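The primary structure of each chain is shown beneath.
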Amino acid sequence: MAERHVLGLSGGKDSAALAVYMSLHHPEIPLEFFFTDTGKELPEVYAFLGQLEGFVGRKIHYLNPHRDFDFWLRTYNSYLPSAQTRWCTRKLKLEPFKQWIKPSLDAGDKVYSYVAIRADEEHREGMVAQHENLIVRMPFREHGVDKAGVFELLEGSGLGLPKYYSWRSRSGCTFCFFQQKVEWVRLKETHPDAFEDAKAYEKNALEHGSPFTWSQGEPLTDLEKPERVAEILADFETRKQRELSRRKPNPLRVIPIEPIDIDDLYLEDEGGGACLVCHK
């Protein structure tokens, strides 16, 4: 009976840190790195994966869905995916992964899938294995690696954080519905073509009766209005200042103030809305 060891990458910090961790601490494991590529990813994600590939010294397998986002959008009557109907995750992320490992499982091989759930994420359980020969491993949880440990791994490797963290809290599709409103504003500023593509998808969906917009309760044509953009940015700045105030130095404190990271500002860790193959 043969074995395969696979580690899914999202283009985010945790899965990249796990790739670094496994390369440093378990070079004897013949890991296969993979990325399920929807074709709608941020350019910063592809750039970061290229850097990561150089560090681990192994090829990253790009798994493309048999049918693209546009096909499945038509299949679902032009209804946009949403937190309630995550057909995009199922069709563009999970199914390509299952097809990739299916020959091994059919042959009776063991497939070990390494998932980047940290030790400080007790509330998250990870992908449930639906085959007796698919075994999920969580090295970070097993060895006590938390968020601080993830940052240490990425800094120590020289990779640092993906560039999109300067304006966005997650990897994934450019039009991911888990984005907060300020992230839509930043998408328009950083990648205006991707924002226009998202608007076009939304317009078509609404014309076909879709009950969902990308940003909950607000079409992008309203969100991009100058006065609304100003309001969103002001709200975000208020949130940032509130977080800074909460961390103001106390002369009686010996422990230095921790820097604000992206999760604090967006009030959500990337994993909260990540796709289910590799989580982050």
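Here, the structure is the one placed above.
These numbers were taken from a predicted model, which means no experiment stands behind them. (Residues numbered from 1 in each chain as written. Predicted model: local features only at pLDDT ≥ 70, side-chain atom pairs only at ≥ 80, totals over all residues. Heavy atoms only, no water.)

Student: An account of the packing of aromatic side chains is needed here, citing residue identities and associated values.
Tutor: Within the structure shown, the criterion is met by 16 aromatic pairs. When the ring of Phe-35 is compared with that of Tyr-46, the centres are 6.3 Å apart and the planes differ by 85 degrees; the resulting orientation is edge-to-face. Pair noted here: Phe-35 is in strand β2 (residues 31-36) and Tyr-46 is in helix α2 (residues 43-56), with a separation of 11 residues, a long-range link. Here Phe-35 falls in the buried class, since its relative accessible area comes to 0%. Note on Tyr-46: relative accessible area 29%, which makes it partly exposed. Each ring, one from Phe-175 and one from Trp-214, has its centre 4.7 Å from the other, and the planes form 20 degrees; the classification is stacked. Of this pair, Phe-175 sits in the loop between α6 (147-157) and α7 (181-190) while Trp-214 sits in the loop between α8 (192-207) and α9 (220-223), and the two are 39 residues apart along the sequence. Taken together, the ring pairs in this structure connect Phe-69, Phe-71, Trp-72, Tyr-76, Trp-87, Phe-175, Tyr-201 and Trp-214 into an aromatic cluster. (Phe/Tyr/Trp six-rings, centres within 6.5 Å; stacked < 30°, edge-to-face > 60°. Helix = DSSP H or I, 4+ residues; strand = E, 2+ residues; numbered from the N terminus. Buried < 20%, exposed > 50% of the residue type's maximum accessible area, 1.4 Å probe, protein only.)

Student: Explain the pattern of salt bridges to me, and be specific about the residues and the numbers.
Tutor: Any two side chains of opposite charge can pair if their charged atoms end up close together. Tallied over the full model, the rule gives 17 salt bridges. In this structure, the salt-bridge partner of Glu-189 is Arg-186, at a minimum N-O distance of 3.1 Å. Taken together, the positions of Glu-189 and Arg-186, both in helix α7 and three residues apart, correspond to about one turn of that helix. The salt bridge partner of Lys-199 is Glu-196, with a shortest N-O separation of 3.4 Å. Of the two residues, Lys-199 and Glu-196 are both situated in helix α8; the distance of three residues between them amounts to about one turn of the helix. Residue classification places Lys-199 among the buried residues on the basis of a relative accessible area of 18%. A relative accessible area of 37% places Glu-196 in the partly exposed class. Among the charged side chains, a salt-bridge network with shared partners connects Lys-13, Asp-14, Arg-118, Asp-120 and Glu-121. (Salt bridge = Lys/Arg side-chain N within 4 Å of Asp/Glu carboxyl O.)

Student: Summarise the side chain of Ser-78; cite the residues concerned and give the values.
Tutor: Its place among the elements puts Ser-78 in the loop between α3 (69-75) and α4 (87-106). A distance of 3.5 Å separates a polar atom in the side chain of Ser-78 from a polar atom in the side chain of Asn-204. Filtering out sequence-adjacent residues up to four positions away, Ser-78 remains in contact with Leu-73, Asn-204, Ala-205, His-208 and Ser-210. (Polar contact = N/O pair within 3.5 Å; in protein donor to acceptor, adjacent residues only side chain to side chain. Contact = heavy atoms within 4.5 Å.)

Student: Outline the sheet that holds strand β5 (residues 134-137), listing residues and values.
Tutor: Read from one edge of the open sheet, five strands run β3-β2-β1-β4-β5, paired in parallel fashion. Both outer strands of the open sheet, β3 (60-63) and β5, are each paired with one neighbouring strand and no more. Put simply, the sheet's adjacent strands are angled 30 degrees from each other on average, direction ignored. Where strand β1 (residues 3-8) and β2 come together, four bridges link them in parallel fashion. Bridge pairing in β2 links Gly-8 to Phe-34. Along the sheet face, helix α1 (residues 13-25) touches β1, β2 and β4 (110-114) and points at about 140 degrees away from the line of β1. (Pairing = 2+ DSSP bridges. Axes fitted to C-alpha atoms, helices over the stretch in contact; angles between N-to-C directions.)

Fair warning: the whole summary comes from geometry, so function is off the table for now.
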